[in-house]
Amino acid sequence: ESYLSRLRLVEPHLNSFLHVSDSVLREAQEIDDKLSRNEDIGPLAGVLVGVKDNICTADMPSTGGSRILENYRPPFDATAVKRVKALGGIVVGKTNLDEFGMGSTTEGSAYKVTSNPWDISRVPGGSSGGSAAAVSARQCAVSLGSDTGGSVRQPASFCGVVGLKPTYGRVSRYGLMAYASSLDVIGCFGSSVADAGILLGAISGHDRLDATSSDRGAPDFTAHFPPADAFGAKPLQGLRVGLIRETLDSGVDHGVTSTVQRAASHLEELGCTVKEVSLPSFSLGLPAYYILASSESSSNLSRYDGVRYGSQAAAEELNSLYGDSRARGFGAEVKMRILMGTYALSAGYYNAYYKRAQQVRTVIRKSFKAALDENDILISPAAPSAAYKIGEKKNDPLAMYAGDIMTVNVNLAGLPALVLPCGFVEGGPAGLPVGLQMIGAAFDEEKLLKVGHIFE
Ligand code: GLN
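All residue numbers refer to positions counted from 1 along the written sequence of the respective chain. Per-residue local features of the predicted model are confined to residues with pLDDT of at least 70, and side-chain atom pairs are confined, for both listing and counting, to 80 or more; whole-chain, interface and lining totals are unaffected and use all residues. Note that the side-chain values use all heavy atoms of the structure and ignore hydrogens as well as water.

(A) Focus on the sheet that holds strand β10 (residues 417–425). In short, DSSP must find at least two bridges between two strands for them to pair. A run of DSSP states H or I qualifies as a helix once it reaches four residues; a run of E qualifies as a strand once it reaches two. Both are numbered from the N-terminal end. Sheet architecture is open: eleven strands sit in the order β1-β3-β2-β4-β6-β5-β10-β11-β9-β7-β8, paired in mixed fashion. Looking at which strands have only one partner, the edges of the open sheet turn out to be β1 (17–20) and β8 (273–277). Looking at each pair of strands side by side, their axes are set apart by 30 degrees on average, direction ignored. Two residues qualify as a contact provided that any one of their heavy atoms is within 4.5 Å of a heavy atom in the partner residue. Each axis is a line fitted through C-alpha atoms, and for a helix only the stretch in contact is used; angles between axes span 0 to 180 degrees, taken between their N-to-C directions. Contacts from helix α4 (residues 129–136) reach β1, β2 (48–52), β3 (90–95), β4 (142–146) and β6 (186–190) within the one sheet, and its direction differs from that of β4 by about 165 degrees. Across the sheet, helix α7 (residues 254–269) touches β7 (240–244), β8, β9 (377–381), β10 and β11 (432–439), and the angle it forms with β10 is around 115 degrees.

(B) Up close: the packing of aromatic side chains. Pairs were defined over the aromatic rings of Phe, Tyr and Trp, the Trp ring being its six-membered one, requiring ring centres within 6.5 Å. Orientation was assigned from the angle between planes: stacked under 30 degrees, edge-to-face over 60, tilted for the rest. The final tally for this structure, using the stated rule, is 14 aromatic pairs. Geometrically, the ring pair formed by Tyr304 and Tyr309 is tilted, given 5.6 Å between the ring centres and 50 degrees between the ring planes. By the ring-pair criterion, three or more aromatic residues cluster together here, those being Tyr72, Phe100, Tyr304, Tyr309 and Phe330. Cation over ring: Lys393 sits above Tyr388, and NZ or CZ is 4.2 Å from the ring centre. Both a distance and an angle decide whether a charge sits over a ring: NZ of Lys or CZ of Arg must be within 6 Å of the ring centre and within 35 degrees of the ring normal.

(C) Region of the structure containing the site of the ligand. Near is defined per residue: the residue qualifies when any heavy atom it owns lies within 4 Å of the molecule or strand. Surrounding the ligand, one finds 15 residues, the nearest of these being Thr148, Gly149, Ser151, Tyr179 and Tyr289. At 2.8 Å from a nitrogen atom of the ligand is found a main-chain nitrogen or oxygen belonging to Gly101. Any N or O atom pair separated by 3.5 Å or less is treated as a polar contact, with the protein-specific requirement of one donor-capable and one acceptor-capable atom, and with residues adjacent in sequence counted only for side-chain atom pairs. Note that an oxygen atom of the ligand is positioned 3.3 Å from one of the backbone N or O atoms of Gly150. Only Asp, Glu, Lys and Arg are considered charged in this grouping, and only Ala, Val, Leu, Ile, Met, Phe, Trp, Tyr, Cys and Pro are considered nonpolar; every other residue, Gly among them, is considered polar. In terms of residue class, the shell around the ligand is made up of four nonpolar, eight polar and three charged.

(D) View of the environment of Cys159. With respect to the secondary-structure elements, Cys159 resides in helix α5 (residues 153–159). The spacing of Cys159 and Gly348 is 189 residues in sequence and 43 Å in space, taken between C-alpha atoms. Residues within four places of Cys159 in sequence aside, it is in contact with Asn116, Pro117, Trp118, Pro124, Ala132, Ala133, Ser136 and Pro433.

(E) Region of the structure containing helix α6 (residues 193–203). Exposure is judged per residue with a 1.4 Å probe applied to protein chains only, and the accessible area is read against the type maximum: over 50% gives exposed, under 20% gives buried, and values in between give partly exposed. With eight of eleven residues buried, α6 lies mostly within the body of the structure. Residues Val193, Ala194, Ala196, Gly197, Leu199, Leu200, Ala202 and Ile203 constitute the buried set of α6. Packing partners of the buried residues in α6 comprise α3 (79–86), β4, β5 (162–165), β6, β10 and α14 (445–455). Among the residues trailing α6, Gly205 stands out with phi positive, at a value near 115 degrees.

(F) Here's a closer look at the pairing of β7. Burial runs high along β7: four of the five residues are buried. Two elements, β7 and β8, share five bridges in a ladder whose sense is parallel. Considered in β8, the bridge of Arg240 is made with Thr273. Note that β7 and β9 share three bridges and pair parallel. Pairing of Gly242 across the sheet is with Leu378, part of β9.

Function cannot be read off these values alone, since they describe shape.
Structure representation (structure tokens):
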């Protein structure tokens, strides 16, 4: 009840949600009833979970932020949602996003613009802006987002919450609307590292419905967290931390750079050795990402044809039914991505763009592997700036894409990364949060979470 009244109180100012469940209290009552019968209620019992609207839920609409799926109700729950519910979690509603996850501000939603709780004239980041804002404003305890090129980590940074992008394959993508399948992963938001880690534990593990899901099981990611009173003087003694030099280059706001450098000093005080590492291919990540993500999305989005799902245009013959449904149903950014992707994949340009980008991806993956052989974790800012004003970059797609420089490489390499608040810069009524990104070796979320927990 307290979450629901908080949700309703701030929702008119924030617009985090596209849909709020009407069965929250009934589900909570069922848990109370189970408890009174001494039945197992599960480790997430009564925890309110927000779910990004590109993740399918059978009992609520799932629009992906797109008109083309207006009123669409999937006949099934995504595996991650199913697992949350099986452990007692209550899905409180569906959160706003950039259409199909394409964007960095949540302004690309076909339905509404979400505000940043720290300053409602600013964007919450994106594409999982609704999920980040909802946790930041305590409209729910934790939330699910998706991260193809930074969509969990950048909004976490902008909204001052913890965001966790798991290793590719750690969490089943079954029921996640495909944007770029080789990069997509469902991730977690929480107001503490422990909360994000507990949610990850709930949703991870093999799923026969997703052939790319890993069979490494679902460890208890927070089991080895030392209690705060057992930290000792240098709880991270011996941990090798690499600060990625290229992420402090020009183009990054001075306030962000100095906040991250202070975070690096804090890690040293905790016992880490922090050294700068160079990833010479770092700046190639952005162009490679946008070619690969657009290419994959142009193929994935072909399923929205007006026949199989969602809204359908009235038309006399089949080709115009497809064409009109897509022309009406997709927004401008999505159309641009489809055009770019189709171009990059076309016979005459495939070698120059798509193939080249795949080769760059291999170079990036190898350079991260080498850096992580020498270091336990790598650190960087989560974004080159704090949250900016609504409308500021809306008509400048290149400026918007450039803001993804800190995050896209991690998806290209398939690695896990944790973003957590590490300070503030000036702006808004109370300052604006800055996020620190910690990148780990594949399937080493446990280390990231432990370091993050001690750091926070
Ligand atoms: N902003 C990036 C894009 O538009 C990342 C989005 C995401 O991670 N879903 O592609």
